[in-house]
Amino acid sequence: MPASPSTARAINDRLALRLLQQDGPLTATQLKTLTGLSRPTVADLVERLQDAGLVRVVGESGADRRGPNARLYGIVADRAHLAALDVRTDSVAVAVADLLGVTLAEATLPIGSDTGTGPAVERAVAMLERTARSAGPAPLHSVGIGAPGLIDPLSGELRPTAGLPGWHRALVKELQRRLSATVLVENETNLAAVAEHRIGAAQDRDTFVLLWLGHGIGAAVMLDGKLRRGASGGAGEIGFLPVPGTSGVPSSVNCDGGFHSLVGSAAVCELAKEHGIGARPPSPDAAQEQDPAAAFAVRAALRDGGAAGEAFLAALSDRLALGAASVVSVLDPGCLVLAGEVGRAGGDALAARVEERLARMSPLRTEVRAGTLGGGAVMRGALFAAREAAQDALFAPGAGSADAVAHGRL
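Bear in mind the structure is a predicted one, so any value in this text is a computation, not a measurement.

A count of helices and strands for the protein chain gives 13 helices and 12 strands. By residue count, 50% of the 410 residues in the protein chain fall in the buried class. In the protein chain, once contacts between residues fewer than 6 apart in sequence are set aside, the share between residues at least 24 apart is 63%.

It is worth spelling out the pairing of strand 11 (residues 335–339) at this point. Burial within strand 11 is extensive, with 5 of its 5 residues counted as buried. Judged by which residues are buried, strand 11 turns out to be covered on both faces: Cys335, Val337 and Ala339 on one side and Leu336 and Leu338 on the other are all buried. The sheet contact formed by strand 11 and strand 12 (residues 367–370) spans 4 bridges and is parallel. Bridged to Val337 within strand 12 is Arg369. Since strand 11 and strand 12 lie parallel, the crossover through helix 11 (residues 340–361) that links them has a hand, and here it is right-handed.

On to a nonpolar patch on the surface, then. A contiguous nonpolar surface patch, about 220 Å² in accessible area, is contributed by Leu100, Val102 and Leu104. Among the secondary structure elements, Leu100 is positioned in the loop between strand 4 (91–97) and strand 5 (103–110).

This paragraph deals with the pairing of strand 3 (residues 81–87). Where burial is concerned, most of strand 3 is hidden: 7 out of the 7 residues are buried. One ladder, built from 6 bridges, connects strand 3 with strand 6 (residues 140–147); its direction is parallel. In the sheet register, Asp86 faces strand 6, and the bridge partner there is Gly146. The pairing of strand 3 with strand 4 spans 6 bridges and is antiparallel.

Another point: the side chain of Asn187. Mapped onto the fold, Asn187 is located in strand 7 (residues 182–187). Once you skip the residues sitting within four places of it in the chain, Asn187 turns out to touch Ala147, Pro148, Gly149, Ile151 and Glu237.

With 38 residues, the main nonpolar core has Leu211, Phe312, Leu316, Leu320, Leu336 and Leu338 as its most contacted residues. Those elements that provide at least two residues to this core are strand 8 (208–213), strand 9 (217–223), helix 7 (260–263), helix 8 (265–274), helix 9 (292–304), helix 10 (306–331), strand 11 and helix 11. The element that contributes the greatest number of residues to this core is helix 10, accounting for 8 residues. With near-sequence residues (within four places) excluded, Leu320 lies in contact with Leu213, Phe259, Val263, Leu350 and Val354. Listed in part, the 31 residues of the second largest apolar core include Val87, Ala120, Val121 and Ile145.

Positionally, Ala293 belongs in helix 9. Looking at Ala293, the relative accessible area reads 8%, which means it is buried. A C-alpha to C-alpha distance of 7.8 Å links Ala293 and Ser265, two positions 28 residues apart in sequence.

Turning next to helix 5 (residues 166–178). Here helix 5 is 13 residues long and its end C-alpha atoms lie 18 Å apart, about the 18 Å a rise of 1.5 Å per residue gives. Turning to helix 5, its buried residues are Trp167, His168, Leu171, Val172, Glu174 and Leu175. Projection of helix 5 onto a plane perpendicular to its axis shows the buried side chains occupying an angular sector of 165°, all on one side. Those residues of helix 5 that are buried lie in contact with strand 3, strand 4, helix 4 (117–135), strand 6 and strand 7.

Bringing the sheet that holds strand 8 into the picture now. With respect to topology, 5 strands assemble into an open sheet ordered 10-9-8-11-12, the strand pairing being mixed. Two strands in the sheet have a free side with no partner beyond their single neighbour: strand 10 (226–227) and strand 12. By the bridge criterion, 6 bridges tie strand 8 to strand 9 in an arrangement that is antiparallel. Note on strand 9: the bridge partner recorded for Leu211 is Ala219.

Attention shifts here to the environment of Leu320. Along the chain, Leu320 falls in helix 10. C-alpha separation for the pair Leu320 and Leu350, spaced 30 residues apart in sequence, amounts to 9.8 Å.

In this section: the pattern of salt bridges. Under the counting rule described, the total for this entry stands at 18 salt bridges. The closest approach of N and O atoms between Asp13 and Arg48, which form a salt bridge, is 2.8 Å. Of this pair, Asp13 sits in helix 1 (residues 5–23) while Arg48 sits in helix 3 (residues 39–51), and the two are 35 residues apart along the sequence. With relative accessibility at 25%, the residue Arg48 sits in the partly exposed group.

Basis of the calculations
Residues numbered from 1 in each chain as written. Predicted model: local features only at pLDDT ≥ 70, side-chain atom pairs only at ≥ 80, totals over all residues. Heavy atoms only, no water. Helix = DSSP H or I, 4+ residues; strand = E, 2+ residues; numbered from the N terminus. Buried < 20%, exposed > 50% of the residue type's maximum accessible area, 1.4 Å probe, protein only. Contact = heavy atoms within 4.5 Å. Pairing = 2+ DSSP bridges. Right-handed = clockwise from strand over helix to strand, strands pointing away. Patch = residues over 30% accessible without salt bridge, like charges linked within 9 Å, V, L, I, M, F, W, Y side chains within 5 Å. Areas by Shrake-Rupley, 256 points an atom, 1.4 Å probe, with all protein chains shown as cover. Salt bridge = Lys/Arg side-chain N within 4 Å of Asp/Glu carboxyl O. Core = buried A, V, L, I, M, F, W, Y, C linked by side-chain atoms within 4.5 Å. Expected span 1.5 Å × (residues − 1). Arc of directions from axis to C-beta.

Purely spatial values, then, with no claim about function.
Structure below.
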């Protein structure tokens, strides 16, 4: 059925706002070209979005300064703020950004293993509130949280997981209870994949698998541009993957004996020690880093070279290829991204070694790339999640109307 005039306007407004957010600022002529709409229709929607307080003139473009087509229109980015939290085993990092994703304020809070659930949650919430205030007076619209563990695909809640601090789940629930903002939680590895897909190593790939190499091991599956989470939200829990070379097999509650035992941070550091490669302890101010010790060992081996360094990198690449071969044989993604601090530390050199070994083990051609965002990928992915939640509210039919603005709705 043909769309009603109001529905057509909402669709056009949504399209223009997305283009302005992704590619802006833009002139009316550029909007006309990108949307395929007529000049009068573009003029109407620009006026409508300006009246709603969603778009404003931010400058001029080109040598010809005459006429409205020379005006540059941009999103009103300070209309509301977004927040992202990167929840680790022993820390929480937060960033607050505007609607274009520009970071305005950030902070990190170390949380010791002896800290109780209540105090940990209160400190984390207080840090978020302080950071939001320091970013400016605009209200928080959406909060994206990246955390280790499983996310229930039906409720969207962080599930209790053995081996992870209880304050993780309590923090998510408290933020959802206390904040008027939309609060979203997603597995940290999935968010890293979103970030690498948008602005990192996989920008030209809609199908790939990201391997997170840090304190723990995880994978994110991106097929046809969409994350695949599995029936229970556990797609990518490859730390439990049974592989050769371990002392046993994993259990339903413990990944010891699985792939984690070969390439988790402790295993990488032990492997480095066996080859005479030093792995420095994490620095006191590096709580936001996933695993600086294992990453340092990889960098040291690449930097110093020599027979010991090459032997260590060869052994690590062999181990990584074991798990990667299982993933490739099931999904045939065509591309693997080695992410996290270890993946970034290894860079193209480690990726090339894993690709070469994988080619020997599998007939399925697979390119292996190094992630480019390191540990910051989780935070960037969480900001993307918060931004998309804000977009959905902004672009909903009627959200950009003068009435919606008058009543304080985004």
